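Structure at a glance
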There are 2 protein chains.
Amino acid sequence: MPTVDVHTHIYPPSYMSLLRGRDTVPYVRNFEDAPESARLIILPGEDAPNKPSTARGRPIGAEYYDITEKIKFMDAHGIDKSVISLANPWLDFLPKDEAGAAARSINDEVDSICSQYSGRLYAFGTLPLSAPAETVVAEVKRLKTLKFMRGIIMGTSGLGKGLDDPALDPIYAALEEQQLLIFLHPHYGLPSDVYGPWASNYGHVLPLALGFPLETTIAVTRMLLSGVWDRFKELEILIAHSGGTLPFLAGRIESCIKHDGHLKKEDRLEKMRSVWDVLKKNIYLDAVIYSEVGLKAAVDASGADRLMFGTDHPFFPPLDEDETEWLSVKSNYAAIKSAFDGDDSAAKAVLGGNAVRILKLDG
Amino acid sequence: MPTVDVHTHIYPPSYMSLLRGRDTVPYVRNFEDAPESARLIILPGEDAPNKPSTARGRPIGAEYYDITEKIKFMDAHGIDKSVISLANPWLDFLPKDEAGAAARSINDEVDSICSQYSGRLYAFGTLPLSAPAETVVAEVKRLKTLKFMRGIIMGTSGLGKGLDDPALDPIYAALEEQQLLIFLHPHYGLPSDVYGPWASNYGHVLPLALGFPLETTIAVTRMLLSGVWDRFKELEILIAHSGGTLPFLAGRIESCIKHDGHLKKEDRLEKMRSVWDVLKKNIYLDAVIYSEVGLKAAVDASGADRLMFGTDHPFFPPLDEDETEWLSVKSNYAAIKSAFDGDDSAAKAVLGGNAVRILKLDG
């Protein structure tokens, strides 16, 4: 059974050109104080005018855009197949009239990259969400015709108002009809005020460790409460970082729903599908959670047949450049090994079997 | 072995008078459109000028302030002992020169309430956090002399800037010295923008189910990152709602710390205690999580000897007033029963044994 990485990103060359051509977030630039070292600035809080370049974003090297680096990483970590996806912030920031063409071009490029390593690479496509709905729906249908595409990656912004926006219904309908799953991935985090006046002392820890999974949990709970899965019963979603915090909070969410006077008054309690039902029928989780505790909760919530190994490459590289085996990857491997101690078949399913079956990869 | 509820709130009569005397949040009022029915408005988002009273806050009845109602609830649910605490927002909103006297008066009142049901009631006290630090420290020492006090309840605001505020150090030092634990409880939630334009369709679900635990997780992670437990190695904290989402995210937090270039550059990686170490030595969790999945993760993260049963009474009452057995309580009992299936001693520890030992209750 192959080992499959379903959470692994790339900024393909045409997207890099796009980022290099910009001067507001998101952008990539070589600053005057370090002309040899490009920096990737993707979050508003990462831009720091008049500060040294090392205070802005993160260094970006070939591992972000050169597919041969991805293959080397896969080989070094025993990964047989990867389902690559454009990294955040995708095309969310593009003007309405540019997004459609950019999506087609980038999706074609990514599909072509996969074809160079046939059997090892697959991809989640990118939607032009700032374009008119019909352009987005057309791209969903076109993606289905591309050989290596197995779903789409999407942030939590949707058309700009979140994933509980009724205007997303035609897009959800198209994804359900084409049987393309949504890989839901955070980008926007939480308003930086919540981290308090000392946040900069803590490096990137608060927005990455908490902002990302909390954003994700809010987004998916809004989808649930708005009835997305009542209307689109077959719509499938793979949630990054083992669901944000959904497995842990599912009981509290369900309890708050059952105790809500407004939902009862609106006669919605009987009609809504439960969080648990959606977790076991519509939601898949990656296994990017870095601990046995979290992984077990994800398995308990969703099922060992619904979790899929991931790495988040090229993010979270080792701090010590000499390390060839990445700590972030080792943590996720170790969590699977200890969580399924003695149950090899479940471990193999999470490591790759589930991805092969769910994403219809060539075994 | 008794069953002990460590998460159960009260607004004692003097606090009710305080709330009834106010006309900005937090307040309690009988509105003209329903003169018989008092409403409790504690969160800014719950105030809705010019709207019917039913659109504001929640109905408040005797279960919020009459201790005989608490005892009835305990009897109906097989609870032998309760450790009562003032409900949010505590005294956070009081002017500097009023907070000290208010805290002394309310703490004395609560201790006196406990004395009426000796052996059945204990309490967490309230600190006058808006008062000068020496007033707060004096109240910590005074609380230790009150017969039924077993710790203090605190929100996430601290002195107004969060719990990673270095100005809290004298208070943390006093709590550590007096061996009084902090019961950390949410109140402020997250900025309402994060719930999007359709939030009001979902009743109170998003702020209660997500805002509260996410606020809690951010607060405790900020404490950790600021080195509170490096400086106060014996400081103990009981985190509401099974830690917010800390058990699930602990692995990600630890991984983000270990991958943070800034923390490495500042030479803090070696010095900081790990999340896991603090979870097993300084942190206790209540068992207010409404699911077996969440409860197991809390046990895995912190240990079955560190979890304590709770109800969150009088919040989350049944929607159907005829129900005498509360669904919210049943869910938490059921989670313990199924999580420890076959391990009676662990279940009994969580139901009461841990609380008796940790809080030094009369068994």
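Residues numbered from 1 in each chain as written. Chains lettered and ligands numbered in written order. Predicted model: local features only at pLDDT ≥ 70, side-chain atom pairs only at ≥ 80, totals over all residues. Heavy atoms only, no water.

Further remarks concern a negative patch on the surface. Residue and element names in this part refer to chain A. On the surface, a cluster of negative charge is made up of Asp320, Glu321, Asp322 and Glu323. Here Glu321 lies in the loop between strand E11 (307-308) and helix H13 (327-339). For Glu321, a relative accessible area of 78% translates into the label exposed. (Patch = residues over 30% accessible without salt bridge, like charges linked within 9 Å, V, L, I, M, F, W, Y side chains within 5 Å. Areas by Shrake-Rupley, 256 points an atom, 1.4 Å probe, with all protein chains shown as cover. Salt bridge = Lys/Arg side-chain N within 4 Å of Asp/Glu carboxyl O. Lys, Arg positive; Asp, Glu negative; His and termini not counted. Charge placed at Lys NZ, Arg CZ, Asp CG, Glu CD. Helix = DSSP H or I, 4+ residues; strand = E, 2+ residues; numbered from the N terminus. Buried < 20%, exposed > 50% of the residue type's maximum accessible area, 1.4 Å probe, protein only.)

Another point: the nonpolar core. Counting 265 residues, the largest nonpolar core has Tyr11 and Leu359 of chain A together with Tyr11 and Leu359 of chain B as the members making the most contacts within it. For Tyr11 of chain B, the residues in contact, after removing those within four places along its chain, are Met16, Leu19, Leu40, Ile42, Ile60, Tyr64, Tyr65, Leu86, Ala87, Asn88 and Phe315 of chain B. (Core = buried A, V, L, I, M, F, W, Y, C linked by side-chain atoms within 4.5 Å. Contact = heavy atoms within 4.5 Å.)

This part takes up the relation of the copies chain B and chain A. When chain B is fitted to chain A, the best match, at an RMSD of 0.0 Å, comes from turning it 180 degrees and sliding it 0.0 Å along the axis. These values place the two chain copies in the arrangement generated by a two-fold rotation axis. Of the residues that chain B buries at the interface, 100% are likewise interface residues in chain A, meaning the two copies contact each other through the same surface. (Least-squares fit on C-alpha atoms with pLDDT ≥ 70 in both.)

A separate point is the UniProt feature "domain: Amidohydrolase-related" (unreviewed entry) in chain A. The positions UniProt marks with the feature "domain: Amidohydrolase-related" (unreviewed entry) are residues 4-361 of chain A. Secondary structure over residues 4-361 of chain A splits into 43% helix and 13% strand, and the C-alpha atoms at its two ends are 10 Å apart. (UniProt positions renumbered as here; feature names shortened; annotations may be inferred.)

Moving on: the interface of chain B and chain A. Many descriptions give the size of an interface as the accessible area lost when the pieces come together. Taken together, the contact pairs 69 residues of chain B with 69 residues of chain A. In total, chain B and chain A occlude about 5,900 Å² of area from one another, counting both sides; carbon and sulfur atoms represent 74% of this. At the boundary of chain B with chain A, the tally comes to 0 salt bridges. Here chain B and chain A share 12 residue pairs in polar contact (both at pLDDT 80 or more) between them. For the side of chain B that touches chain A, the secondary-structure elements that each account for two or more residues are helix H6 (205-225), helix H8 (240-243), helix H9 (246-258), helix H10 (261-265), helix H12 (292-302) and helix H13 (327-339) of chain B. When residues in the side of chain B that touches chain A are grouped by element, the largest group, 13 residues, is from H6 of chain B. (Buried area = accessible area lost by both parts, 1.4 Å probe. Polar contact = N/O pair within 3.5 Å; in protein donor to acceptor, adjacent residues only side chain to side chain.)

Residues and elements named next belong to chain A. Residue Pro89 is reached from Asn88 by a cis peptide bond, and omega for that bond is 5 degrees. Along the chain, Pro89 turns up in the loop between strand E5 (81-86) and helix H3 (96-116). For the bond from His313 to Pro314, the omega torsion is 5 degrees, close enough to zero to count as cis. Within the secondary structure, Pro314 is located in the loop between E11 and H13. Positioned with a positive phi, Asp267 is a non-glycine residue whose angle comes to about 65 degrees. Along the chain, Asp267 falls in the loop between helix H10 (261-265) and helix H11 (275-281).

Next up on the list: the packing of aromatic side chains. Per the counting criterion, the structure on display carries 18 aromatic pairs over all chains. Relative to Phe232 of chain A, the ring of Tyr172 of chain A lies with its centre 6.1 Å away and its plane at 55 degrees, an arrangement referred to as tilted. Here Tyr172 of chain A, found in helix H5 (residues 169-178), pairs with Phe232 of chain A, found in the loop between helix H7 (228-231) and strand E9 (237-239); they are 60 residues apart in sequence, far enough to count as distant. Of the two residues, Tyr172 of chain A and Phe232 of chain A, neither departs from the other in class, the shared state being buried. Ring geometry for Tyr290 of chain B and Phe316 of chain B: centres 6.3 Å apart, planes at 65 degrees, overall edge-to-face. On the criterion of sequence distance, the pair formed by Tyr290 of chain B in the loop between strand E10 (283-286) and H12 and Phe316 of chain B in the loop between strand E11 (307-308) and H13 is long-range, its members being 26 residues apart. The two residues Tyr290 of chain B and Phe316 of chain B agree in class, both being buried. Ring-pair connections join several aromatic residues into one group, and the members of that group are Tyr11, Tyr15, Tyr64 and Phe315 of chain A. (Phe/Tyr/Trp six-rings, centres within 6.5 Å; stacked < 30°, edge-to-face > 60°.)

Turning our eyes to something else, we now look at the confidence of the model for chain A. When pLDDT is averaged across chain A, the result is 95; 100% of the residues are at 70 or more. The ipTM, which scores confidence in the relative placement of chains, is 0.97 for this predicted complex, and the corresponding pTM is 0.97. (pLDDT = per-residue confidence, 0-100.)

A few words on the packing of helix H4 (residues 133-145) of chain B against helix H5 (residues 169-178) of chain B. Residue and element names in this part refer to chain B. The contact between H4 and H5 brings their axes to 9 Å, and the two run at 15 degrees. With respect to each other, H4 and H5 are oriented roughly parallel. Once H4 is placed against H5, the crossing between them reads as right-handed. Where H4 approaches H5, its residues Val136, Val137, Val140, Lys141 and Lys144 are matched on the opposing element by Pro170, Ile171, Ala174, Leu175 and Gln178. Each residue belonging to the contact of H4 with H5 can be placed in one class, and the counts come to 7 nonpolar, 1 polar and 2 charged. (Axes fitted to C-alpha atoms, helices over the stretch in contact; angles between N-to-C directions. Parallel < 35°, antiparallel > 145°, perpendicular 65-115°, else oblique. Left-handed = near helix turned anticlockwise from the far one by under 90°. Nonpolar A, V, L, I, M, F, W, Y, C, P; charged D, E, K, R; others polar.)

Residue and element names in this part refer to chain A. The geometry of helix H1 (residues 13-20) relative to H3 is characterised by a closest axis approach of 8 Å and an angle of 140 degrees between their N-to-C directions. In this view, H1 runs oblique relative to H3, as classed from their interaxial angle. Residues Pro13, Ser14 and Tyr15 of H1 pack against Ser105, Ile106 and Glu109 of H3. Residue classes in the contact of H1 with H3 are distributed as 3 nonpolar, 2 polar and 1 charged.

Attention shifts here to the sheet that holds strand E4 (residues 58-59) of chain A. All names here are of chain A. The 3 strands lie next to each other as E2-E3-E4, forming an open sheet whose pairing is antiparallel. Both outer strands of the open sheet, strand E2 (27-30) and E4, are each paired with one neighbouring strand and no more. Alignment of strand E3 (residues 38-41) against E4, held across 2 bridges, turns out to be antiparallel. Bridging across to E4, Arg39 finds its partner in Pro59. Contacts between H1 and the sheet are confined to E2 and E3, with E2 contributing the most and set at about 75 degrees to the helix. (Pairing = 2+ DSSP bridges.)

The next point concerns the side chain of Thr221 of chain B. With respect to the helices and strands, Thr221 of chain B occurs in helix H6. One polar contact links the side chain of Thr221 of chain B to the main-chain carbonyl oxygen of Thr217 of chain B, over a distance of 2.7 Å. Setting aside its immediate chain neighbours within four residues, Thr221 of chain B contacts Leu206 and Leu210 of chain A together with Leu246 and Ile253 of chain B.

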